[in-house]
Amino acid sequence: MRVVTAGEMRALDKAAIEEYGISGLVLMENAGHQAVQLVRDVLGEVRGKVVTIFIGKGNNGGDGLVMARHLLNMGAEVKVLSMVNLEEISGDAAVNLDIWRKMEQKVFSLHHGDGINIVKLVLMNTDLIVDAIYGTGFKGAIAEKVGRVIELLNGSGKPVLAVDIPSGLEADTGRVNGVCIRADYTVTFGLPKLGLMLEPGADFTGKLTVADISIPAVLVEKIAPPRFITTAELVREWLPSRPSLAHKGDFGRVLVVAGSRGMTGAACLTGESALRAGAGLVTVAVPETLHEIMEEKLTEVMTSPLPDTGKGSLSRGARQRILSLLENTDVLAIGPGLSQAGEVVTLVRELLPHVRIPCVLDADALNALAGSGDILRKVQAPVVITPHPGEMGRLLGVSPKEIQKDRIAAAVQASEKWGVTALLKGARTVIAAPDGAIFINPTGNPGMATAGSGDVLTGVVAALIAQGMETARAAAAGAYIHGLAGDLAAGEKGMMGLVAGDIMSALPAATRELVQKQ
Ligand SMILES: NC(=O)C1=CN([C@@H]2O[C@H](COP(=O)(O)OP(=O)(O)OC[C@H]3O[C@@H](n4cnc5c(N)ncnc54)[C@H](O)[C@@H]3O)[C@@H](O)[C@H]2O)[C@@H](O)CC1
Ligand SMILES: [K+]
């Protein structure tokens, strides 16, 4: 599903109105009507329930007034409170205000007098709060007076349903400048807005529903940019099928180059995760002084010793041996736990220009390229890089804080600069593909911020490429499956004690869940 900015949604609304003749009032009617469907889902029976709707002066308030009308018709007791003088309401919203008044209903303006006490009183006797104060037209920060009301709503203990976007949230960035509605449910219209997907916005959104307001699909295809939220449906569509006569060779061979003394676990997690994510054959190649330990630790995964400096890390001379192993390999995954020893850095830099198969670069393989990202261009096959904000910062020569300020921009910059698929880890992993497509990942939880979690992801992405998935899709699907496995594992064990091995163990359940919903 595509994700849009406020400006892109406005352009879609405008084109629907001007080019297709679907009037703004029709769009508003559809929006309000769809939002009422969600109210019914939340409250069950609407008749006899008290719904309090807070409106602003824009079209978001207009949606709230449409909801008020339908809910009243259904037998609910509806209270409408306006944050502005009613004279300030104009356009389509004013049409709906007019209808509401003709139905002999009132709107109480909080603009004058002792608004706060009235809000307190009203909230005592309400079953649901509807936030139709600000939508995509909101910018900057909430004014103090409105802020005090929002704080009351947030603290009321009553369920809050946000219309289109929680008021106070910036639709394009997900940023909150001060006060913001903390919604239990958000019903967004047409397409999800970027700010609902990015942190901290996603945290204020609650359960998100995307409602169709009849924007023509062909129009969306034509003018909305290729920025997507990865969905289960999309991943399912991409997942390779498993024919009954399949042979392990059909699912590809992965070579994992990873590990150093003290970090053999990284190599194991990557290799085993690749198998758990469906790769046919996986070989983990490690510094030879660690090889025996790996043979003991791993059962299904094959191992291969590589030239060692004698200190438990790879020597520069490992290049030839790796290249000969690659002759029998479909995907190279390199980096987890390699260490930042000088010879490792040289090895990675000298190896990459000779690689002719798709590769996934993570952790110390990326650290080895700090300040020399241009080497990525020399790989003669598609590349996926999987940095966390620190590694991305080192690659691009900026601070992690700078990366976090605009995560999408950072991923796009890396992708464009080096022609790679850039997967930027962190809450809401972002994937930028060389063809310009962007994927935002919705799965995962804070419990996954644990040692080795990234090694699991590297193995999953490599495994999906090995099974024939195009690299950018493999990155997006890999992030989705990894996050889903983390969610399933957290559901069982809680977030606090979650370790990377739990995520790995939940990979089969995650892919099973995806496939079974087919
Ligand atoms: N035809 C359309 O464009 C449709 C719009 N729809 C709804 O309309 C919304 C967008 O409507 P609008 O563009 O009228 O804007 P909003 O309803 O989001 O209202 C924003 C209003 O608040 C003002 N404002 C912005 N930042 C402020 C701040 N920091 N403090 C105080 N006031 C501030 C703006 O000037 C504007 O008047 C959508 O979110 C959606 O809910 C839907 O009805 C569907 C159709
Ligand atoms: K809102």
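Predicted, not measured: the structure shown is a model, and the values here were computed from it. (Residues numbered from 1 in each chain as written. Chains lettered and ligands numbered in written order. Predicted model: local features only at pLDDT ≥ 70, side-chain atom pairs only at ≥ 80, totals over all residues. Heavy atoms only, no water.)

Draft legend 1. Just the overall build of the chain, in detail. For the chain, the helix and strand inventory stands at 22 helices and 17 strands. Projected onto its principal axes, the C-alpha coordinates of the chain cover approximately 85 × 50 × 45 Å. Taking all 518 residues of the chain together, the buried fraction comes to 56%. For the chain, contacts bridging at least 24 residues in sequence account for 70% of all contacts bridging at least 6. With an accessible surface of roughly 21200 Å², the chain has 51% of that area assigned to carbon and sulfur atoms. Positive and negative charge centroids in the chain, built from 49 and 55 side chains respectively, lie 1 Å apart. (Helix = DSSP H or I, 4+ residues; strand = E, 2+ residues; numbered from the N terminus. Buried < 20%, exposed > 50% of the residue type's maximum accessible area, 1.4 Å probe, protein only. Contact = heavy atoms within 4.5 Å. Areas by Shrake-Rupley, 256 points an atom, 1.4 Å probe, with all protein chains shown as cover. Lys, Arg positive; Asp, Glu negative; His and termini not counted. Charge placed at Lys NZ, Arg CZ, Asp CG, Glu CD.)

Draft legend 2. Focus on the UniProt feature "binding site: AMP" (unreviewed entry) in the chain. The UniProt record annotates "binding site: AMP" (unreviewed entry) at K425, G426, A427, R428, T429 and G454. Spanning 30 residues, the named residues nonetheless gather at one spot, since no C-alpha pair among them exceeds 13.9 Å. Those annotated residues that line the largest pocket are K425, G426, A427, R428, T429 and G454. Looking at the element boundaries, G426 is found in the loop between β15 (421-424) and β16 (430-432). (UniProt positions renumbered as here; feature names shortened; annotations may be inferred. 1 Å grid on protein atoms, 1.4 Å probe; cavity = no way out; pocket = protein on both sides within 12 Å on 5 of 7 lines; lining within 4 Å.)

Draft legend 3. Spatial organisation of the coordination of the potassium ion (ligand 2). Each protein donor to the potassium ion (ligand 2) is listed here as N60 (OD1), D131 (O), Y134 (O), V163 (O) and I165 (O); together their distances run 2.6 to 3.0 Å. Sequence positions of the residues that donate to the potassium ion (ligand 2) give the spacing N-x70-D-x2-Y-x28-V-x1-I. Placement of D131 in strand β4 (residues 128-132) and of I165 in the loop between β5 (160-163) and β6 (185-189) is noted, with a sequence separation of 34 residues between them. Judged by relative accessible area, I165 falls into the buried class, the value being 0%. (Donors = N, O, S within 2.8 Å, 3.2 Å for Na, K, Ca; no water.)

Draft legend 4. Highlighting the sheet that holds β16. Here 10 strands make up an open sheet; going across it, the order is β8-β17-β16-β15-β14-β13-β12-β9-β10-β11 and the pairing mixed. The open sheet has two edge strands with one neighbour each: β8 (227-229) and β11 (302-306). Between one strand axis and the next, the sheet turns by 20 degrees as a mean value, whatever way the strands run. When strand β10 (residues 281-287) meets β11, the two strands line up parallel, connected through 5 bridges. Opposite P287, over in β11, you have L306 as the bridge partner. Contacts between helix α13 (residues 318-326) and the sheet are confined to β9 (253-257), β10, β11 and β12 (331-334), with β11 contributing the most and set at about 150 degrees to the helix. Packing of helix α20 (residues 471-493) onto the sheet brings it into contact with β14 (383-385), β15, β16 and β17 (438-440), and relative to β15 it is tilted by some 15 degrees. (Pairing = 2+ DSSP bridges. Axes fitted to C-alpha atoms, helices over the stretch in contact; angles between N-to-C directions.)

Draft legend 5. The arrangement of the domain arrangement of the chain in detail. Along its sequence, the chain is organised into domain 1 (6-225) and domain 2 (232-237 + 250-516). Of the residues lining the interface, 6 residues belong to domain 1; the matching set on domain 2 comes to 5 residues. Across the interface of domain 1 and domain 2, roughly 460 Å² is buried in total on both sides, 68% from carbon and sulfur atoms. For R428, the salt bridge goes to E199, with nearest N and O atoms at 4.0 Å. At the boundary of domain 1 with domain 2, the tally comes to 1 residue pair in polar contact (both at pLDDT 80 or more). Looking at the side of domain 1 that touches domain 2 residue by residue, the classes come out as 4 nonpolar, no polar and 2 charged. (Domains from an automatic or database assignment. Buried area = accessible area lost by both parts, 1.4 Å probe. Salt bridge = Lys/Arg side-chain N within 4 Å of Asp/Glu carboxyl O. Polar contact = N/O pair within 3.5 Å; in protein donor to acceptor, adjacent residues only side chain to side chain. Nonpolar A, V, L, I, M, F, W, Y, C, P; charged D, E, K, R; others polar.)

Draft legend 6. Representation of the pairing of strand β2 (residues 77-82) in the model. Judged from the 6 bridges that link them, strand β1 (residues 50-55) and β2 form a sheet pairing that is parallel. Bridging from a neighbouring strand, I53 pairs with V80 of β2. With 2 bridges joining them, β2 and strand β3 (residues 108-109) adopt parallel strand pairing. Its bridge partner lying in β3, L81 is registered against F108.

Draft legend 7. Structural view of unusual backbone geometry. The omega angle of the peptide bond from E199 to P200 is 5 degrees, so this bond is cis rather than trans. With respect to the secondary-structure elements, P200 resides in the loop between α7 (194-197) and α8 (201-205). Phi angles above zero are rare outside glycine, and R428 is one such case at about 65 degrees.

Draft legend 8. Region of the structure containing helix α6 (residues 144-154). Every buried residue of α6 is accounted for by V146, G147, V149, I150 and L153. One face of α6 carries all of its buried residues, which in axial projection span an arc of 160 degrees. Relative to its buried face, α6 has exposed residues pointing more than 90 degrees away, namely E144 and E151. (Arc of directions from axis to C-beta.)

Draft legend 9. Structural context of the layout of surface pockets. The volume enclosed by the largest pocket comes to roughly 750 Å³. In this structure, the largest pocket is lined by 31 residues; those nearest its centre are K425, G426, M448, A449 and S453. Of the residues assigned to the lining of the largest pocket, the class counts are 11 nonpolar, 13 polar and 7 charged. Shared between two domains, the lining of the largest pocket takes at least three residues from each, and those domains are domain 1 (6-225) and domain 2 (232-237 + 250-516). By volume, the second largest pocket amounts to about 600 Å³. Lining the second largest pocket are 26 residues, and of these D13, N59, N60, D63 and T136 sit closest to its centre. Those elements that provide at least two residues to the lining of the second largest pocket are α1 (6-18), α2 (24-43) and α3 (59-73). Tallying contributions element by element places α1 first for the lining of the second largest pocket, with 6 residues. (Points joined across faces, edges and corners; volume = space filled by probe spheres on them.)

Draft legend 10. Broad picture of the site of ligand 1. Near ligand 1 lie 18 residues; those nearest to it are N60, D63, G135, K139 and D164. At 2.9 Å from an oxygen atom of ligand 1 is found a main-chain nitrogen or oxygen belonging to T136. In isolation ligand 1 offers 860 Å² of accessible surface; the protein chains occlude 76% of this area. Of the pockets mapped on this structure, ligand 1 occupies the second largest pocket. Looking at the shell around ligand 1, the elements that each hand over two or more residues are α1, α2 and α3. In terms of residue count, the dominant contributor to the shell around ligand 1 is α3 (3 residues). When the residues that make up the shell around ligand 1 are grouped by side-chain class, the tally is 7 nonpolar, 6 polar and 5 charged. (Near = heavy atom within 4 Å. Sits in = over half its atoms within 2 Å of the grid points.)

Draft legend 11. Inspection of the nonpolar core at higher detail. Within the largest apolar cluster, 61 residues are counted, with the highest numbers of intra-cluster contacts made by V284, F439, V456, V461, L464, I481 and L514. If you tally residues by element for this core, the top one is α20, at 12 residues. Sequence-distant contacts of V461, that is, excluding residues within four places in its chain, are made with V360, V384, L423, A474, A475 and G478. The next biggest cluster of nonpolar side chains, apart from the first, holds 52 residues, and it includes I229, V257, L323 and A368. (Core = buried A, V, L, I, M, F, W, Y, C linked by side-chain atoms within 4.5 Å.)

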